[in-house]
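Examination of the molecular architecture
Listed below, chain by chain, are the residues.
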Amino acid sequence: MQHKRTLAGIALAAAAIVTLAGCSATSSATAGSDGDTDWKTATSAEASGGMDALVKAAKAEGQLNVIALPPSWANYGKIIDGFTKKYDITVNSANPNGSSADEVAAVKSQKGQSTAPDVLDLGNAVLQENLDLLTDYKVANWTDIPDTLKEQDGAWTRDYTGLMSIGYDSSKISDAPKDLNDLLGSEYKGKVSIAGDPTQANQAASAVYLAALENGGSADDITKGVDYFGDLKKAGNFQNVLPTQATVASGETPVVIQWSYNNLAWGPAAGASGNKNWKTVVPEGQALGSYYSQAINKDAPHPAAARLWQEYIASPEAQNLYLQAGAFPATLAAMEQSGKVDQDALDAAGGAPKDYVELTDAQVADAAKVLSAKWSSTMGS
């Protein structure tokens, strides 16, 4: 049997996510321990009265607005639940199935409103196009984050990555696919979907990047990835349906190309809400990943809570929750060195990938131009 990298299911705890609630705007200047800390401009807790002052100010605000964080995505349900329980702060979650572009649109359209996103979880292409919306902040364990995974002044930090994978319903697909080219076969007629529009969503764009790598293209030129999806559509195999945990559970979307942690979360690990026949395969060869970046809206209505959220998700507590979902956290090396890593979760995820590829900022920018010019015409949309 030809060797392929596969991922075992990882148990995920179900966690309720608080829906977006209307609330009155909180003052952007929240008193710290000395009574005059403006958390809207604070660039670290240490320089602004310390962690105790930050926690006190965040609790006084009492709210945090997040956006585009599905509970099943990289364990965000459990991460949000942990933050709420630890700090007694209500988390308002807007548009959980939204894209990075939707996050930016909300920041712009809701500027000055109490419902505007406080924090963002962005794919790299959208991040690089919207740096003017962000503010600098360095978490307490800043040195645990590799230099290559953070902006030097703190405008953003990479946080976690998965590997681009193929999820499939084994009750509908008889032979496990080894790579994307297997999906061109007749068995996959009308069955293959991706997670959104590649010109808008990083996860969908990454499916195109992987197709380029598998078909003679490269991180420098993803044109062959667009061509692959054109071939997939011509074969009648591309399904223009946005996959969700519900469509996977119902069998409506039998094959989904997306991040490994999402495919894992929608299978047996989800219990009754998942698909017991759902399998996850990371194709042979180069493993394609893409770290998502965390950032604070410079006009965040709850600036102290926004900064406390950044502290929490960068901590070993939350970084291990990402890992438990099969997502590799940015501070993995530091946690391994300090002995704070959840070794069972790391072993279940297959260890950090060795033959890992991620597009650089410049490559992502070039890829976005290719997608903008070719995707719609190639796919007839």
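For the structure, see preceding data.
Reference entry: report on the structure contained in this document. (Residues numbered from 1 in each chain as written. Predicted model: local features only at pLDDT ≥ 70, side-chain atom pairs only at ≥ 80, totals over all residues. Heavy atoms only, no water.)

So, on to the overall build of the protein chain. The secondary structure content of the protein chain amounts to 13 helices and 14 strands. Relative to the compact-globule value of 21 Å for 381 residues, the protein chain shows a C-alpha radius of gyration of 21 Å, a close match. In terms of overall dimensions, the protein chain has C-alpha extents of about 70 × 45 × 35 Å along its principal axes. Taken over 381 residues, the protein chain has a buried fraction of 55%. Put simply, of all contacts in the protein chain between residues at least 6 apart along the chain, 74% involve residues at least 24 apart. Accessible surface computed for the protein chain: about 15100 Å², of which carbon and sulfur atoms make up 49%. (Helix = DSSP H or I, 4+ residues; strand = E, 2+ residues; numbered from the N terminus. Rg over C-alpha atoms; globule rule 2.2 N^0.38 Å. Buried < 20%, exposed > 50% of the residue type's maximum accessible area, 1.4 Å probe, protein only. Contact = heavy atoms within 4.5 Å. Areas by Shrake-Rupley, 256 points an atom, 1.4 Å probe, with all protein chains shown as cover.)

Moving on to the pairing of strand E6 (residues 157-161). When a strand is regular, its side chains alternate between the sheet's two faces. For E6, a buried count of five out of five residues is recorded, marking the element as mostly surrounded by other parts of the structure. Bridge analysis of E6 against strand E12 (residues 292-297) gives three bridges, and the strand direction is antiparallel. From the neighbouring strand, Arg 158 faces E12, where its bridge partner is Ser 293. Examined bridge by bridge, E6 and strand E13 (residues 328-329) share two bridges and lie antiparallel to one another. Paired with Thr 161 across the bridge in E13 is Phe 328. (Pairing = 2+ DSSP bridges.)

One can describe the packing of helix H9 (residues 303-314) onto helix H10 (residues 316-324) by two numbers: an axis separation of 4 Å at closest approach and a directional angle of 60°. One element, H9, and the other, H10, form an angle in the oblique class. Judged by residue contacts, Tyr 312, Ile 313 and Ala 314 of H9 engage Pro 316, Glu 317, Ala 318, Gln 319, Leu 321 and Tyr 322 from H10. Residues of the contact of H9 with H10, tallied by class, amount to seven nonpolar, one polar and one charged. (Axes fitted to C-alpha atoms, helices over the stretch in contact; angles between N-to-C directions. Parallel < 35°, antiparallel > 145°, perpendicular 65-115°, else oblique. Nonpolar A, V, L, I, M, F, W, Y, C, P; charged D, E, K, R; others polar.)

Enumeration according to the criterion identifies six salt bridges in this entry. Between Asp 147 and Lys 150 there is a salt bridge, and its shortest N-O distance comes to 3.7 Å. Judged by its relative accessible area of 10%, Lys 150 is buried. Note that Asp 361 is salt-bridged to Arg 158, the shortest N-O span being 3.2 Å. Of this pair, Asp 361 sits in helix H13 (residues 361-379) while Arg 158 sits in strand E6, and the two are 203 residues apart along the sequence. Relative accessible area serves as the criterion here: at 33%, Asp 361 is assigned to the partly exposed category. (Salt bridge = Lys/Arg side-chain N within 4 Å of Asp/Glu carboxyl O.)

To continue, consider the pairing of strand E2 (residues 63-67). Across the five residues that make up E2, a large majority, five, are buried. Where burial is concerned, the two faces of E2 agree: the one with Gln 63, Asn 65 and Ile 67 and the one with Leu 64 and Val 66 are both buried. Viewed along the sheet, the connection from E2 through helix H2 (residues 76-87) into strand E3 (residues 90-94) turns out right-handed. (Right-handed = clockwise from strand over helix to strand, strands pointing away.)

Let's shift gears to the side chain of Gln 294. Within the fold, Gln 294 resides in strand E12. Side chain to side chain, Gln 294 and Asp 121 meet in a polar contact 2.7 Å long. In this structure, Gln 294 is in contact with Tyr 76, Leu 120, Asp 121, Ala 155, Trp 156, Thr 157, Asp 159, Tyr 160, Trp 309, Gln 310, Ile 313 and Tyr 322, ignoring residues within four places of it in sequence. (Polar contact = N/O pair within 3.5 Å; in protein donor to acceptor, adjacent residues only side chain to side chain.)

A few words on the nonpolar core. Leu 64, Phe 83, Tyr 160, Leu 183, Phe 229, Ile 257 and Trp 309 are the most contacted members of the largest nonpolar core, which has 84 residues in total. The greatest single-element share of this core, amounting to nine residues, is contributed by helix H5 (residues 202-214). Residue contacts for Phe 83: discarding those within four places in its chain leaves Leu 64, Asp 88, Ile 89, Val 91, Ala 305, Leu 308, Trp 309 and Tyr 312. Counting residues in each nonpolar core, the second largest holds 15 residues, with Ala 68, Ala 106, Val 107 and Leu 120 among its members. (Core = buried A, V, L, I, M, F, W, Y, C linked by side-chain atoms within 4.5 Å.)

The subject of this paragraph is the packing of H5 against helix H6 (residues 223-234). The N-to-C vectors of H5 and H6 enclose an angle of 100°; their axes lie 7 Å apart at closest approach. Regarding the angle of H5 to H6, the classification is roughly perpendicular. Here H5 contributes Ala 207, Val 208, Ala 211 and Ala 212 to the contact with H6, which in turn contributes Lys 224, Gly 225, Val 226, Tyr 228 and Phe 229. Partitioned by chemical class, the residues of the contact of H5 with H6 number seven nonpolar, one polar and one charged.

A few words on the side chain of Gln 245. Within the secondary structure, Gln 245 sits in helix H7 (residues 245-250). Polar side-chain contacts of Gln 245 include one of 3.0 Å to the side chain of Ser 273. The contact partners of Gln 245, leaving out residues within four places of it in the chain, are Ser 72, Ala 265, Trp 266, Ala 270, Ser 273 and Gly 274.

Attention now goes to H2. End to end, H2 covers 16 Å across twelve residues, agreeing with the expected 16 Å (1.5 Å per residue, within 8%). Among the residues of H2, Tyr 76, Gly 77, Ile 79, Ile 80, Gly 82, Phe 83 and Tyr 87 are the ones counted as buried. Note on H2: the residue one or two positions beyond its end, Asp 88, has a positive phi of about 55°. (Expected span 1.5 Å × (residues − 1).)

Applying the stated criterion to the full structure yields 16 aromatic pairs. Measuring from ring centre to ring centre gives 6.0 Å for Tyr 76 and Tyr 160, while their planes differ by 75°; the resulting arrangement is edge-to-face. Of this pair, Tyr 76 sits in helix H2 while Tyr 160 sits in strand E6, placing them 84 residues apart in sequence. Residue classification places Tyr 76 among the buried positions, given a relative accessible area of 0%. Ring plane angle 85° and centroid distance 5.6 Å describe the contact between Tyr 76 and Tyr 322, whose orientation is recorded as edge-to-face. Of this pair, Tyr 76 sits in helix H2 while Tyr 322 is found in helix H10, placing the two residues 246 residues apart along the sequence. Note on accessibility: Tyr 76 and Tyr 322 belong to one class, buried. An aromatic cluster of three or more residues is present, and its members are Trp 73, Tyr 76, Tyr 160, Trp 259, Tyr 261, Tyr 292 and Tyr 322. A cation sits over an aromatic face here: Arg 158 above Trp 156, 4.1 Å from the ring centre. (Phe/Tyr/Trp six-rings, centres within 6.5 Å; stacked < 30°, edge-to-face > 60°. Lys NZ or Arg CZ within 6 Å of the ring centre and 35° of its normal.)

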